[in-house]
Amino acid sequence: MDLMAWAVLAAAAAATLWLVVYVKIFLPKQVEERFLDSMSAFSRAVELRFPGQTHLTEDVEALAVRLGNELDFSRERMRRLRTVARLQDIGLCALPYALINQRPSYDWSEAEQATYDRHPEVGGAMLDLVPSLRDLTEIVRCHHARFDGSDGCPSGEDIPIEARVLKVAVDYAWTSRMMGELIAQDKIFDGKGSEYCPAVVDALARVLRSSRAREIEHRVA
Amino acid sequence: MHRTRTIHKAQVLLLQLGAAAVVLTAYVVTFVHFPLSPGPLWVILPALAFLAEFLPVEVSRRGLRITFTLPYVAGMALVAGPVGAIATEVFATLTAGALRSRKRNVEPAFLGINVAVAAIAASAGVFAMNAVRGFSTRLEPQALAFTLAYAALNFLLVAYVEWTVSGRSISDNAVRALEIGVRSFLVYALLVSAVAILVKQGLSWSIPFTLVPVWAIRTGLKQKAVLHEQYYETITALTLMLQRAHPYTQGHLERVAYSAEEVARKLGLSSARSRLVREAAVLHDVGKIAVDEKILDKPGKLTAEEMDHVRKHAEWGAEILSPVARFAPLVPWILKHHERPDGHGYPKGLVLNEIPIESRIIAVVDAFDAMTDSQDGKPGRAYRDPMTVDEALAELDRCAGTQFDESVVKAFREVVKGS
């Protein structure tokens, strides 16, 4: 073989190597990043419509990810969890603007409460129309489902685990913003087994303990 | 309706291309002699060509051809002569294509077109290779000549097929095909040379390794397609949200998108840019997700406070789209789609030259559709009765130069009048 032939073979091998790395490492990463980016467009839209929720999505996602880590979620499950954290409330955009923005929730009539309670279903129906998001439909539909059962949703272990994690994350983030962390903790721990999945509540307890330990460390340091 | 028309076009194409393929193949079989003795490569290369075509990775959506067999067909041309090359190409495209299309429900006419294109491209490669043989007995230049002719013909024919089927301007499809073509051509040229060298050295056992880069190209193309799909699905989902918040926008968005693209073409924007204008037109009111629907639908005049609230939608739209990288070019257009050439628009009060042409297009098209929208008897925009097309065009003319850009209004009139 002459030099030219060796050069061509070497170039072909190098190109192959580069292609494989690009296709197996860089492109999938890019696909996933782009995907999560577009999901934040949805959460941005909901937050703009209902300014009371500003940055709530970020808090919920951060907490959900920590719970997911605590529960040893696989990569794929984690991806679904983060995605749904961003678009779980897209059903809210079908709610009347005034209901959420101008009236406190304790003032709602029964009919209004029922309208609100339908938002996971509306969101699920919307996702059903988008092929690549269809596998998230069930999670969105159940993200407010009680562990011991509620209308139109499965109960107990039949609720997708992502939805059980999100329920805890959302309720904790929301209550601690409105009424402080202590009341939020009480609410979640009191609801263990009835409203919330026990395994997830235990995970939350571990997460809170470790973050408190870190806080004390900070203070000491 | 649309589907039957497409199938009809595909059948006509199949006749044309099939006839050309048969003539060329007959010519090659009769006149191009190339005596070579059979060897194991006569089996290995066709098998690889088949595998390259059959790898379980989906790429093209309509079933149009992106070639993967090229390195092996070129190798066949070197070791088994032109007839072997064409036979390999037809065999691989036909069998792999038929097996795959059964799963995917692809129109049989497209399979036929792909086979015909493959045969024509392979014949072109054979002619080029023969021409080079006159000057050089080395295998690499012959293989490269084959690749070049094959790729050029394949590219031209695919662009031609796309043009006939989709009815879009030929430059459009050519640009798209060229993007895919040039990049993969470099890799293919390398691969073909590598196969030629391995053949010459008698290293046939190592040729199957060349399937690795072919597989990688396929996987990469598939992921690019996923990115593309995600982009369009994000647009769909955002539109769904908007329609949930404000049911009246249905239909409006589709009409506005269609006319905006046509006007952009008429004004001489490139077709890639026109398509972006279309997407921007679909999303231009996405900020209204955050607007109180009571105020939007309120009959009669709005208070100053309500007006401010509604006017925020331009900024909100930009804010919603800003996290998505691929929407970056659309964000400023959507932010400025309520600016007016005379500087009385919002949110910034920019004047003519500061407003992107894309925003000016959306402003005109949107206003026209709002004026003529009848909502099929459902409660529409609450503040006025729909106008006729001529009344609305007259209104646009009246406001040209102040509220709307004159050149855009002129182009829009031509689009509406269908000239």
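Residues numbered from 1 in each chain as written. Chains lettered and ligands numbered in written order. Predicted model: local features only at pLDDT ≥ 70, side-chain atom pairs only at ≥ 80, totals over all residues. Heavy atoms only, no water.

### Examining the overall build of chain A
Here is step 1 of the chain: Secondary structure assignment for chain A yields ten helices and zero strands.
Here is step 2 of the chain: Element order for chain A, N to C, with α for helix and β for strand: α-α-α-α-α-α-α-α-α-α.
Here is step 3 of the chain: Radius of gyration (C-alpha) of chain A: 22 Å, far over the 17 Å computed for a compact globule of 221 residues.
Here is step 4 of the chain: The principal-axis extent of the C-alpha atoms belonging to chain A is close to 85 × 50 × 35 Å.
Here is step 5 of the chain: Out of the 221 residues belonging to chain A, those deemed buried represent 46%.
Here is step 6 of the chain: Expressed as a percentage of contacts within chain A between residues at least 6 apart in sequence, the contacts between residues at least 24 apart total 62%. (Helix = DSSP H or I, 4+ residues; strand = E, 2+ residues; numbered from the N terminus. Rg over C-alpha atoms; globule rule 2.2 N^0.38 Å. Buried < 20%, exposed > 50% of the residue type's maximum accessible area, 1.4 Å probe, protein only. Contact = heavy atoms within 4.5 Å.)

### Considering the packing of aromatic side chains
All names here are of chain B.
Here is step 1 of the chain: All told, the structure shown has eight aromatic pairs over all chains when counted by the stated rule.
Here is step 2 of the chain: Note on Phe-50 and Phe-91: the rings are 6.1 Å apart at their centroids and 35° apart in plane angle, and the pair reads as tilted. Pair noted here: Phe-50 is in helix H2 (residues 41-54) and Phe-91 is in helix H3 (residues 70-104), with a separation of 41 residues, a long-range link.
Here is step 3 of the chain: Assessed through its relative accessible area of 38%, Phe-91 is described here as partly exposed.
Here is step 4 of the chain: Centroid distance Phe-146 to Tyr-150: 6.0 Å. Interplanar angle 25°. Geometry classified as stacked. One end of the pair, Phe-146, and the other, Tyr-150, are both in helix H5 (residues 139-166), four residues apart, so they sit about a helical turn from each other.
Here is step 5 of the chain: Using a relative accessible area of 0% as the deciding quantity, one classes Phe-146 as buried. (Phe/Tyr/Trp six-rings, centres within 6.5 Å; stacked < 30°, edge-to-face > 60°.)

### Considering the packing of helix H2 (residues 56-70) of chain A against helix H8 (residues 161-179) of chain A
Residue and element names in this part refer to chain A.
Here is step 1 of the chain: Put simply, H2 and H8 touch, their axes get as near as 9 Å, and they point 135° apart. Considered as vectors, H2 and H8 are oriented oblique to each other. Of the two elements, H2 crosses H8, and the hand of that crossing is right-handed. For the pair H2 and H8, the contacting residues are Leu-56, Asp-59, Val-60, Leu-63, Ala-64 and Leu-67 in the first and Val-165, Leu-166, Val-168, Ala-169, Val-170, Tyr-172, Ala-173, Trp-174 and Arg-177 in the second.
Here is step 2 of the chain: Taken together, the residues of the contact of H2 with H8 break down into 13 nonpolar, no polar and two charged. (Axes fitted to C-alpha atoms, helices over the stretch in contact; angles between N-to-C directions. Parallel < 35°, antiparallel > 145°, perpendicular 65-115°, else oblique. Left-handed = near helix turned anticlockwise from the far one by under 90°. Nonpolar A, V, L, I, M, F, W, Y, C, P; charged D, E, K, R; others polar.)

### With respect to unusual backbone geometry
Here is step 1 of the chain: Here the bond from B:Tyr346 into B:Pro347 is cis, since omega is 5°, no more than 30 degrees from zero.
Here is step 2 of the chain: With respect to the element layout, B:Pro347 can be found in the loop between helix H13 (330-335) and helix H14 (357-372).
Here is step 3 of the chain: At A:Asp72, a position not held by glycine, the phi torsion is positive, near 60°.
Here is step 4 of the chain: As for its placement among the helices and strands, A:Asp72 is situated in the loop between H2 and helix H3 (75-87).

### Details of the confidence of the model for chain B
Residues and elements named next belong to chain B.
Here is step 1 of the chain: Per-residue pLDDT for chain B has a mean of 83; in total, 87% of the residues score no lower than 70.
Here is step 2 of the chain: When the elements of chain B are averaged for pLDDT, helix H6 (residues 170-200) gives the smallest value, 74, and H13 the largest, 95.
Here is step 3 of the chain: Note that residues 376-380 has pLDDT below 50 and, in this model, one contact with residues that lie over four places away or in other chains.
Here is step 4 of the chain: Scored by ipTM, the complex comes to 0.80, with pTM at 0.79. (pLDDT = per-residue confidence, 0-100.)

### Side note on empty space enclosed by the protein
All names here are of chain A.
Here is step 1 of the chain: Counting across every chain of the model gives six cavities of 30 Å³ or more.
Here is step 2 of the chain: Lining the second largest cavity are 15 residues, with Gln-53, Thr-57, Ala-85, Gln-88 and Asp-89 positioned closest to its centre.
Here is step 3 of the chain: Contributions of two or more residues to the lining of the second largest cavity are made by helix H1 (3-49), H2 and H3.
Here is step 4 of the chain: No other element matches H1, which puts four residues into the lining of the second largest cavity.
Here is step 5 of the chain: In terms of residue class, the lining of the second largest cavity is made up of eight nonpolar, four polar and three charged. (1 Å grid on protein atoms, 1.4 Å probe; cavity = no way out; pocket = protein on both sides within 12 Å on 5 of 7 lines; lining within 4 Å. Points joined across faces, edges and corners; volume = space filled by probe spheres on them.)

### Concerning the pattern of salt bridges
Residues and elements named next belong to chain A.
Here is step 1 of the chain: This model, assessed by the stated rule, comprises 30 salt bridges over all chains.
Here is step 2 of the chain: The partner of Arg-146 in a salt bridge is Asp-148, with the nearest N and O atoms 3.1 Å apart.
Here is step 3 of the chain: On the basis of relative accessible area, Asp-148 is assigned to the partly exposed category, the value being 44%.
Here is step 4 of the chain: A salt bridge links Arg-164 to Glu-157, with the nearest nitrogen and oxygen atoms 3.7 Å apart. (Salt bridge = Lys/Arg side-chain N within 4 Å of Asp/Glu carboxyl O.)

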